[in-house]
Amino acid sequence: MNAQAREPRPAMRPMFEDDLDAVMEVELRAYPFPWTPGIFQDCLRAGYPGRVLLLDGRIAGYGMVSLAADEAHVLNVCVDPKVQSRGHGRQLLRELVRAARQRGAVRVFLEVRPSNTPAIALYHSEGFNEIGRRPRYYPTEHGREDALVMAMELVDDDITTMPPL
């Protein structure tokens, strides 16, 4: 295998405040209406699980999830546009759901732009279902866009068949 064809092996670890400069570089490349460093900082200081995806030791993606009672809310999942469509978003989403499950969440919510069809397809394939809409939730260049609200119930890993009704 030649060096150009080699795909870097991804690694995942918790996000720290020291990561925010690199996280913001990705955020600014990925979104026309990015989060601010302060939003990430507030999430980390509140104890929300944040994760970074590393490729060759560099941050190539990240995610953030909030937790309250037995519910989790995926706040942000982002992969650098330079390395999208390689399964990294799926890895990040699974890691956030795993972190939520470990902290006692029984359901996970998220919002997504209806125009973000690749993300919607990912979320459906991972078990999320659309449960509602938030009108005019996201800013756009020419106004506002609704958000699709999606949710997933977390079940025990040892369930192999559905229980009888």
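For the structure itself, consult the block above.
Residues take numbers from 1 onward in each chain, read along the sequence in its written order. Local features are withheld for residues below a pLDDT of 70 in this predicted model, meaning they are given only at 70 or higher, and side-chain atom pairs are given and counted only at 80 or more; totals for whole chains, interfaces and linings count all residues. Hydrogens and waters are ignored; side-chain quantities use all the structure's heavy atoms.

Visitor: Would you mind showing me how to read the packing of aromatic side chains here?
Guide: Two measures describe an aromatic ring pair: the distance that separates the ring centres and the angle between the ring planes. Only Phe, Tyr and Trp rings are paired, with Trp represented by its six-membered ring, and only when their centres lie within 6.5 Å; those with planes under 30 degrees apart are stacked, over 60 edge-to-face, the remainder tilted. Scanning the entire structure with this criterion turns up four aromatic pairs. Geometrically, the ring pair formed by Tyr-137 and Tyr-138 is edge-to-face, given 4.9 Å between the ring centres and 90 degrees between the ring planes. Connected via pairs of aromatic rings, a cluster forms that spans Trp-35, Phe-40 and Tyr-62.

Visitor: Would you mind showing me how to read helix 3 (residues 88–102) here?
Guide: Residue pairs spaced three or four apart in an α-helix point in one direction, given the helix's 3.6 residues per turn. Working definition: helices are DSSP H or I runs of at least four residues, strands are E runs of at least two. Numbering for both runs from the N terminus. To estimate the expected span of a helix, subtract one from its residue number and multiply by 1.5 Å. Compared with an ideal rise of 1.5 Å per residue, which puts 15 residues at 21 Å, helix 3 spans 21 Å between its outermost C-alpha atoms and is within 8% of the ideal. Residue Gly-104 follows helix 3 closely and has a positive phi angle near 95 degrees.

Visitor: Help me out: how do you make sense of the nonpolar core in this one?
Guide: Nonpolar side chains tend to gather and get buried jointly when the protein is soluble and globular. By size, the foremost hydrophobic cluster in this structure holds 27 residues, and its most contacted members are Val-74, Leu-93, Val-108, Leu-110, Val-112, Tyr-123 and Phe-128. Elements supplying a minimum of two residues to this core: strand 2 (50–55), strand 3 (58–68), strand 4 (71–79), helix 3, strand 5 (107–112), helix 4 (117–125) and strand 7 (143–153). Top contributing element to this core by residue count: helix 3, with five residues. In this structure, Leu-110 is in contact with His-73, Val-74, Tyr-123, Phe-128, Leu-148, Val-149 and Met-150, ignoring residues within four places of it in sequence. For the purposes of this section, nonpolar cores are sets of buried Ala, Val, Leu, Ile, Met, Phe, Trp, Tyr and Cys residues that join through side-chain atoms within 4.5 Å. Type-normalised accessible area, obtained with a 1.4 Å probe on protein chains alone, sets the label of each residue: buried when under 20%, exposed when over 50%, and partly exposed for intermediate values. Ranked by size, the runner-up nonpolar core spans 15 residues in total, among them Met-15, Leu-44, Val-52 and Ile-59. Whether two residues touch is decided by their heavy atoms; if any such pair falls within 4.5 Å, the residues are in contact.

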